[in-house]
Amino acid sequence: MTLTIPIGTETRRLRFLFDTKSGATPSSGIEDYWDGDINWVTPEDLGKLTDRYVRETRRRITEEGYKSCGVDLAPPGSIVLSKRAPIGQTAILAVPSTCNQGCFLLTKLDGVDERFYFYSLIHLRPALEALGRGSTFMELSADDLRSILLPFPSEERQRLIADYLDRETARIDALIAEKERMLALLEEKRAALISRVVTRGLDPNAPLKPSGLDWLGEIPAHWGMPQLRFVCRSLQIGPFGSQLHADEYVDNGVPVINPAHLKGNKITPDFGISVDEKTAQRLAIHRLEEGDIVFGRRGELGRCGVVESSQVGWLCGTGSLRVRCDRTLVDPRYVALVFSGTLASTQLALESVGSTMDNLNTEVLGHFRIPLPPLEEQKSIVSAVEAGQRKSNALSDSLQVSISLAKERRAALITAAVTGQIPLEEMQP
């Protein structure tokens, strides 16, 4: 496949514009190779950048580690490009750096403005991804990268285009950042509303009493503080791995609900992680009923989702824990709100067990005390929160659409500029 950006009449293959080298990894078992002063770029670092420059990396290597790899240290102004997981993430080095074998280092030759080619490679990313090869994971080869045809306008014209894109993308990025800040504020407002109503209720004048828990403080005087196990019919962990084998998973069967499927007190299944009806029947004890609460047992503790009528019969997965409430005492939606609040989720993590990660079990969850108003008040709190969330979600959806459009505009602008579709006079400052 021949890839090129048509701009002007002169082009160069990438090999004549950049000296391209792959990276390497020092031996992980030799401590003297690590925690040094040399930046060691990985695809993970590229995925976390907030601008186009690599100034520091998550891990650094020592001079001894660098020498053990047999790789070069690329100077500032070089381009680093990921060749796998994923292909085509691009950045510019702000300081001398090396990289691991998941990246290429592109050191510019004469007549090259690295910013212009940074933008050109962003435009070419879909094509670079299409060049990926491999049976276990897709990887871009050095030969394919070096063979790509790129435009080679004069260095003055490269700078003009890069300067124009710097100005215009900065404006778009500022707009995106502002909208993302608004999204973050909306989420903070949502979390604050939930924390307030599940600890103080809807009546700001209600008399208060000590909850008896340092992390919770005062609660309305007429509320209780029962352990969760006393307002539940059952708490049950999902099937262990020995009960559900890899070859039993099918597409578009009965969904198996794991922590990744829980977000915002909702359950969003992956129908690629499901089993056939025969297997589901064998694990009938783990089938979900309407109103069940599914908790994630690992990771972000307190994350949960309430089973809706359309989700009845799905399976509680290995990494999950099912709580079946006594509906005469509690509204499951209210219980889910309690655990979605910052205070409860933080305390739950402190009380959890596990040597390497938080790990929730039925004992920890069952003994957890929750602030509990009368049932009708629980329902009123749920209704108030849902009304607030509907307004918040409408604004959030509008912001998300606006951000997507801005990102599309940014990509289209880069494409138009590096492919010569914008007259040079329009790029003048």
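Above: the structure in question.
The structure displayed is predicted, hence computed values, not measured ones.

(A) Fine view of the sheet that holds strand E18 (residues 274-275). Read from one edge to the other, the open sheet built from four strands follows the order E14-E18-E15-E21, with strand pairing classed as mixed. Strands with a single pairing partner mark the edges of an open sheet, and in this sheet they are strand E14 (249-250) and strand E21 (315-316). The sheet contact formed by strand E15 (residues 254-257) and E21 spans two bridges and is parallel. Note that in E21 the partner of Ile257 across the bridge is Cys316.

(B) Molecular detail of helix H7 (residues 332-340). Most of H7 is tucked away, with seven of its nine residues classed as buried. For H7, the full list of buried residues reads Pro332, Tyr334, Val335, Ala336, Leu337, Val338 and Phe339.

(C) Just the nonpolar core, in detail. In terms of nonpolar packing, the biggest core is built from 43 residues, with Tyr117, Leu128 and Leu165 touching the most fellow members. Those elements that provide at least two residues to this core are strand E6 (79-83), strand E7 (87-93), strand E9 (103-108), helix H3 (114-130), helix H5 (155-200) and helix H10 (375-418). Looking at this core element by element, the count peaks at nine residues for H5. Not counting chain neighbours up to four residues away, the residues in contact with Tyr117 comprise Leu17, Phe18, Ile79, Val112, Leu150, Pro151, Phe152, Pro153 and Gln158. By size, the runner-up hydrophobic cluster in this structure holds 38 residues, among which are Ile237, Ala344, Ile381 and Val385.

(D) Region of the structure containing the environment of Ser310. Here Ser310 is to be found in the loop between strand E20 (304-306) and E21. The class for Ser310 is exposed, based on a relative accessible area of 57%.

The rules behind these values
Residues numbered from 1 in each chain as written. Predicted model: local features only at pLDDT ≥ 70, side-chain atom pairs only at ≥ 80, totals over all residues. Heavy atoms only, no water. Pairing = 2+ DSSP bridges. Helix = DSSP H or I, 4+ residues; strand = E, 2+ residues; numbered from the N terminus. Buried < 20%, exposed > 50% of the residue type's maximum accessible area, 1.4 Å probe, protein only. Core = buried A, V, L, I, M, F, W, Y, C linked by side-chain atoms within 4.5 Å. Contact = heavy atoms within 4.5 Å.

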